[in-house]
Amino acid sequence: MIERLIRLAQEIQKIDGDVKELMEAEKSIERAEKMGLTVSKIQGFHEKLRIKMDGAVQRKMGELDEKADELDAIVRSLLCQSTEAPTAQNFEEDTRLVADYCAELKTFLASTRTSTCPTIPFSVEKAIRRILNNP
């Protein structure tokens, strides 16, 4: 489960980076057009490029939506597992840490995604490991 959550968080961060790169490229094209510069002499090239980039951004956003669903499944699974045997002294704190990170990630996925994607802190990774190793 921990590997799955870490992999998911890394995939979300990569997709978010791809989206930000595409959006920055779109802005660069717009700035070039405003300055009267052209990338190509082919008529309508900029418009076609913009449409392709918009399509790419939408596909990446769709991937983030899929990752949001996967995150929900992981969170449900972790909560089910973690409520089975609450015997560790730091169980509540660990559960809160993991839940807070997952909530932060879910908030990012539900937003316009213009902010920075939250990375999984080592403290959360350790908390997940303790929860999963809890007898």
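Our subject is the structure that appears above.
Since the model is a prediction, treat every value here as computed from it, not as a measurement. (Residues numbered from 1 in each chain as written. Predicted model: local features only at pLDDT ≥ 70, side-chain atom pairs only at ≥ 80, totals over all residues. Heavy atoms only, no water.)

Here we look at helix H4 (residues 122–132)
By the burial criterion, the buried members of H4 are Val124, Glu125, Ala127, Ile128 and Ile131. Seen from one end, H4 has its buried residues packed into an arc of 160 degrees, which puts them on one side. (Buried < 20%, exposed > 50% of the residue type's maximum accessible area, 1.4 Å probe, protein only. Helix = DSSP H or I, 4+ residues; strand = E, 2+ residues; numbered from the N terminus. Arc of directions from axis to C-beta.)

Comments concerning the packing of helix H1 (residues 2–34) against helix H3 (residues 91–110)
At a minimum axis distance of 12 Å, the contact between H1 and H3 shows a crossing angle of 30 degrees. In this view, H1 runs roughly parallel relative to H3, as classed from their interaxial angle. Considering only the axes of H1 and H3, their crossing is left-handed. When H1 is examined against H3, the residues Ala9, Ile12, Gln13 and Asp16 are found in contact with a partner set consisting of Tyr101, Leu105, Phe108 and Leu109. (Axes fitted to C-alpha atoms, helices over the stretch in contact; angles between N-to-C directions. Parallel < 35°, antiparallel > 145°, perpendicular 65-115°, else oblique. Left-handed = near helix turned anticlockwise from the far one by under 90°. Contact = heavy atoms within 4.5 Å.)

A look at the pattern of salt bridges
Applying the stated rule across the entire model yields 10 salt bridges. Linking Glu70 and Arg4 is a salt bridge whose minimum nitrogen-to-oxygen distance equals 4.0 Å. Of this pair, Glu70 sits in helix H2 (residues 45–82) while Arg4 sits in helix H1, placing them 66 residues apart in sequence. One salt-bridge network, held together by shared partners, links Arg4, Arg7, Glu11, Lys67 and Glu70. (Salt bridge = Lys/Arg side-chain N within 4 Å of Asp/Glu carboxyl O.)

Some words on the nonpolar core
In terms of nonpolar packing, the biggest core is built from 29 residues, with Ile12, Leu71, Val98, Ile120 and Ile128 touching the most fellow members. If you list the elements that add at least two residues to this core, you get H1, H2, H3 and H4. Here Ile120 is in contact with Leu5, Ile6, Ala9, Gln13, Tyr101 and Ile128, once residues within four sequence places are set aside. (Core = buried A, V, L, I, M, F, W, Y, C linked by side-chain atoms within 4.5 Å.)

A word on unusual backbone geometry
Backbone geometry at Arg113 places phi at a positive 65 degrees, although glycine is not the residue there. For Arg113, the position within the fold is in the loop between H3 and H4.

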